[in-house]
Amino acid sequence: MAAERQMSGSGGGSGARGGGSCGAAGPAAAHEENKENEKPKADGLGDSLGLEILQIVKESQQQHGLRHGDFQRYRGYCSRRLRRLRKTLNFKMGNRHKFTGKKVTEELLSDNRYLLLILMDAERAWSYAMQLKQEANTEPRKRFHLLSRLRKAVKHAEELERLCESNRVDAKTKLEAQAYTSYLTGMLRFEHQEWKAAMEAFNKCKTIYEKLASAFTEEQAVLYNQRVEEISPNIRYCAYNIGDQSAISELMQMRLRSGGTEGLLAEKLEALITQTRAKQAATMSEVEWRGRTVPVKIDKVRIFLLGLADTEAAIAQAEEEETKERLFESLLSECRDAIQAVREELKPDQKQRDHSSEVDSGKVTNIQYLHSYLTYIKLSTAIKRNESMAKSLQKALLQQQELEEDGKRTARPQDLIRLYDIILQNLADLQQLPGLEEDKSFLKEIGIKTLVYKAYRCFFIAQSYVLVKKWSEALVLYDRVLKYANEVEAQAGIYKNNLKELPDVQELITQVNAEKYSLQAAAILDAEDVPEVESPSQVKDGKPLSERLETFCLDSSLVSKQASLVHFPPEFQPIPCKPLFFDLALNHVTFPPLEDKVEQKSKSGLTGYIKGIFGFRS
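Residues numbered from 1 in each chain as written. Predicted model: local features only at pLDDT ≥ 70, side-chain atom pairs only at ≥ 80, totals over all residues. Heavy atoms only, no water.

> What am I meant to see in the overall build of the protein chain here?
Tallying secondary structure elements over the protein chain gives 21 helices and two strands in all. Looking at the protein chain as a whole, 41% of its 618 residues are labelled buried. Of the contacts formed within the protein chain by residues at least 6 apart in sequence, a portion of 67% connects residues at least 24 apart. If you sum the accessible surface of the protein chain, you get close to 38,300 Å²; carbon and sulfur atoms cover 52% of it. (Helix = DSSP H or I, 4+ residues; strand = E, 2+ residues; numbered from the N terminus. Buried < 20%, exposed > 50% of the residue type's maximum accessible area, 1.4 Å probe, protein only. Contact = heavy atoms within 4.5 Å. Areas by Shrake-Rupley, 256 points an atom, 1.4 Å probe, with all protein chains shown as cover.)

> Explain the packing of aromatic side chains to me, please; I cannot follow it from the model alone.
What describes a pair of aromatic rings is the distance from one ring centre to the other and the angle between the planes of the rings. Overall, the coordinates contain 18 aromatic pairs when judged by the stated rule. With a centroid separation of 6.2 Å and an interplanar angle of 25°, the aromatic rings of Tyr-74 and Tyr-77 are classed as stacked. One end of the pair, Tyr-74, and the other, Tyr-77, are both in helix 5 (residues 71–89), three residues apart, so they sit about a helical turn from each other. One exposure class covers both Tyr-74 and Tyr-77, and it is buried. An aromatic cluster of at least three residues, connected via ring pairs, comprises Tyr-420, Tyr-453, Tyr-456, Phe-459, Phe-460 and Tyr-478. (Phe/Tyr/Trp six-rings, centres within 6.5 Å; stacked < 30°, edge-to-face > 60°.)

> Got a minute to help me understand the environment of Leu-184 in this structure?
Looking at the secondary structure, you find Leu-184 in helix 8 (residues 171–191). Classification of Leu-184 by relative accessible area gives buried; the value is 1%. Residues Leu-184 and Trp-126 lie 58 residues apart in sequence; the distance between their C-alpha atoms is 8.2 Å.

> Explain the nonpolar core here, please?
For soluble globular proteins, nonpolar side chains are generally found buried alongside one another. Core analysis: the biggest nonpolar cluster contains 72 residues, and Val-301, Phe-304, Leu-305, Leu-370 and Leu-374 have the highest contact counts within it. For this core, the elements supplying multiple residues, two or more each, are strand 1 (286–289), helix 13 (299–317), helix 14 (321–355), helix 15 (366–398), helix 17 (413–430), helix 18 (440–467), helix 19 (471–492) and helix 20 (505–528). With residues up to four places along the chain from it excluded, the contact list for Leu-374 reads Val-301, Phe-304, Leu-305, Cys-335, Ala-338, Ile-339 and Val-342. Among the nonpolar cores identified, the runner-up in size contains 67 residues, and Ala-157, Leu-160, Leu-188 and Met-199 belong to it. (Core = buried A, V, L, I, M, F, W, Y, C linked by side-chain atoms within 4.5 Å.)

> Is there a simple way to think about helix 18 in this case?
Since the α-helix turns once every 3.6 residues, residues separated by three or four places project in the same direction. Over its 28 residues, helix 18 extends 41 Å from the first C-alpha to the last, a length consistent with the 40 Å expected when each residue adds 1.5 Å. Just beyond helix 18, the residue with positive phi is Lys-469, at close to 60°. (Expected span 1.5 Å × (residues − 1).)

> Teacher, can you tell me more about the pairing of strand 2 (residues 292–295) here?
For a regular strand, side chains alternate in direction, first toward one face of the sheet and then toward the other. Burial of the side chains of strand 2 is restricted to one face: Arg-292 and Val-294 are buried, whereas none of Thr-293 and Pro-295 on the reverse face is. Here strand 1 pairs with strand 2 via four bridges, running antiparallel. Following the sheet pairing, Glu-288 is matched in strand 2 by Thr-293. Counted along the chain from strand 1 to the antiparallel partner strand 2, the turn is two residues long, and its residue Arg-290 has a positive phi close to 55°. (Pairing = 2+ DSSP bridges.)

> I'm lost on unusual backbone geometry in this one. Help?
Most peptide bonds take the trans form, and the phi angle of most residues other than glycine is negative. The linkage connecting Phe-568 with the following residue, Pro-569, adopts the cis geometry, with an omega of -5°. Within the secondary structure, Pro-569 sits in the loop between helix 20 and helix 21 (595–614). In the Ramachandran plot, Asn-90 falls in the positive-phi region, its phi being about 55° despite a non-glycine side chain. Within the secondary structure, Asn-90 is located in the loop between helix 5 and helix 6 (113–135). Residues other than glycine seldom take positive phi values, yet Lys-469 does so here, at roughly 60°. When you line up the elements, Lys-469 lands in the loop between helix 18 and helix 19. Look at Lys-469 and you get exposed, because its relative accessible area is 52%.

> In this structure, what is going on with the packing of helix 13 against helix 15? I would like to understand it.
Two numbers describe a pair of packed helices, the interaxial angle and the distance between the axes. Where helix 13 contacts helix 15, the two axes come as close as 13 Å, and the packing angle between them is 30°. By the angle between their directions, the pair helix 13 and helix 15 is classed as roughly parallel. Where helix 13 crosses over helix 15, the handedness of that crossing is left-handed. Residues Val-301, Phe-304, Leu-305, Leu-308 and Glu-312 of helix 13 pack against Leu-370, Tyr-373, Leu-374, Ile-377 and Lys-384 of helix 15. Residue classes in the contact of helix 13 with helix 15 are distributed as eight nonpolar, no polar and two charged. (Axes fitted to C-alpha atoms, helices over the stretch in contact; angles between N-to-C directions. Parallel < 35°, antiparallel > 145°, perpendicular 65-115°, else oblique. Left-handed = near helix turned anticlockwise from the far one by under 90°. Nonpolar A, V, L, I, M, F, W, Y, C, P; charged D, E, K, R; others polar.)

> When you look at the side chain of Ser-232 in this model, what are you seeing that I'm missing?
By the secondary structure assignment, Ser-232 is in helix 10 (residues 218–242). Given the relative accessible area of 17%, Ser-232 is considered buried. Reaching out from Ser-232, the side chain makes a polar contact with the backbone oxygen of Val-228 at a distance of 2.8 Å. (Polar contact = N/O pair within 3.5 Å; in protein donor to acceptor, adjacent residues only side chain to side chain.)

> Looking at this model, I keep getting lost on the packing of helix 8 against helix 10. Mind explaining?
The contact between helix 8 and helix 10 brings their axes to 12 Å, and the two run at 30°. Taken together, the axes of helix 8 and helix 10 are roughly parallel relative to one another. As helix 8 runs across helix 10, the sense of the crossing is left-handed. Across from Lys-172, Glu-176, Tyr-183 and Phe-190 in helix 8, the residues of helix 10 making contact are Tyr-224, Arg-227, Ile-231, Asn-234, Tyr-237 and Cys-238.

> How do you make sense of the confidence of the model for the protein chain when you look at a structure like this?
Reading predicted coordinates in detail is not appropriate for stretches of low pLDDT. Here the protein chain averages 78 in pLDDT, and 75% of its residues register 70 or above. For the stretch residues 357–361, pLDDT sits under 50, and the model shows one contact to residues farther than four places along the chain or on other chains. In this model residues 532–536 is a low-confidence stretch, pLDDT under 50, and it forms one contact with partners more than four residues away in sequence or in other chains. (pLDDT = per-residue confidence, 0-100.)

Following this line, the structure appears as C-alpha cells:
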C-alpha cells in the first residue's frame, strides 16, 4: 500500500506540473489534461450514466505499455490519470501534509468520471500485480505482494459494480461492471489455485461478454469476442485441474494454433503439457524406425517423440505462414534439446566401446541408432520448413508485378536458389547418418529427392539468367532441368508412395517447356531490337579518343579494359630552348678618361689629409 501511494504521489506531481505548464510537459500531457476536463457524452438513455469499461481498459493498455508487456509504465499512467481525475472533479484525498480518505457514494454519481475514478484504481492495482508476477520468477517472495494487489483490484472492482447498481447507470454499464469484476475474481482464484471458483467466475465473465457481443454490431462486438478468446484457455485449464481429462487435448490445440500462449496461463500450461507427456512417456519404452526397434530410456526423448505427431498435425492444419514458421521453429528447438540429451548419453557409451576388446561388425549401438533417428527428424523438419518457405516465395514471384506497384521488396529467384541449396545440403547430411549405410532403399529415396530439388534449383537459376537476358545460359539450364526430371521419372518406380510429399516433377516439365518457347521468342525479339547502323563513323582509324574528340564514333572498345584514350607513353615533341647571351661588344667600347680626377687627388698631399682628419675639408 505504501509503495502504491508513493507511486500515486509521484505521478500526481507530474500530472500537476503538466496541467500548470503545458509548454514544459508537452502537447501530450496537455491533451490528457483536456481529456479529463471534457464533459461525458450522453448515451441516448435520458439522464443515465454510461461507461465503456472494456473499451477504455483496452485502449489505455495498448497505448501505455501493455503492447510490449511493460506493466510498470501502465501503472504509472493509471496513477497520473487518477491524479488528474481527482483534480478535475475536486475529489482530493486531503492535502500534501495529511491524507484523508474519501469514497465515491451513490449521491456523487452526477458524472461518469466518478466511475472512471474507481476503474483506474482497479487497473492500477491489477497492473502492479502483473508487474510483481513478472518479478516473482526470480524473487518468489513477491508472490505474497502479488496476491495482495490482486485482492485490492477485486475490492475496487466490487465497489465499481456496487455503484453501477444505481438507477442512474444504464444497463450496458451494469453488465460490463459485472463482467469486469468476474474477470478479476477469476484471476485471483486462479492464482490461489481454487480451480472451481475460478472457473465459475471465468464462465460468468464469458457468458456476459458473449451476450453483449450478440446484442451489438460486429464492430462493437470485436472487443467482447477478443476477451472471450483470452479467457477460454483459463476455463479449460481449470476444468482439467478439476478432473476433466479431455480438456488437455483442447489446451494443446489452442497452444499449437497460437504458437504459444501469453499472460497468466503461459507458464502453467507449459508445465501442464510437459507433465502430461511425462505421464504418457512412462509407458513408452521403445521406438521402431526403418525396421529396427530401439529402446528409449531418456525421458526428454520420450516426451519429444510423444508430442511429435501432435505438432506435425498442427503444422498440416495451419493456414497462415507465420503460424507454420512458429511451429516449425518450436519443433526444431525441441528436437535439438532431445539430440543434446542423447549426445550426453553417447559420451560414456563411446568411452566404453573404446576400452572394450570386442570388435563389433560395423553395427551401431541402440543409442547411436536413436541419435541417427532424431537427427533424421531434425533434418527432415528443416527440409519441410524450407520447402514451405519456397512455396510462399514462388507465390510471391507470381504476384511480382502487384508487389512492385505497392513499393514493396519483391521476391527474387536468388532467394529460392539459396533455400534449395540448404535443402540439398540437408539431404547430403541424411546420406551420412550412421547405421543406414547398408539401407539401399533409404539411400535410393534420398538420391531421388536430391534429383528433384536439383531440378528445381536449376530451374530458378535459369530464371535468374532470364532476368539479365542471358538467353543461351538459361536455355542450357532448362535442358538440365529436363534431364533431372526425366531421371526422376525413370527411377521413381516403386518409391512413388514415399515421394508424395515432394514437388510435382511433371508440372515442372510442363512449365520448363513453356518457358523454353517464351525464352526463344524473347531472344529473337531482343536480337531484332538491336539497331544496325552502317556508317563510316563505325570504322576505327586507330586514333586514341583524345585525338578525335570532335568526331562521333561508335567504338565498343571504350567500355572494355583495353580502351584507347591517349598515346602512352607520349611521343617527344620539339620545344624552344632557353637563349644564351654573349657580350661581343665589350672589346670595342672606349671608356672616358679619368686623368683629371686622378691629378686633383694627388695635389692634396699631406695638408689635405690633415684637414680631413680635423674636419676642415670643405
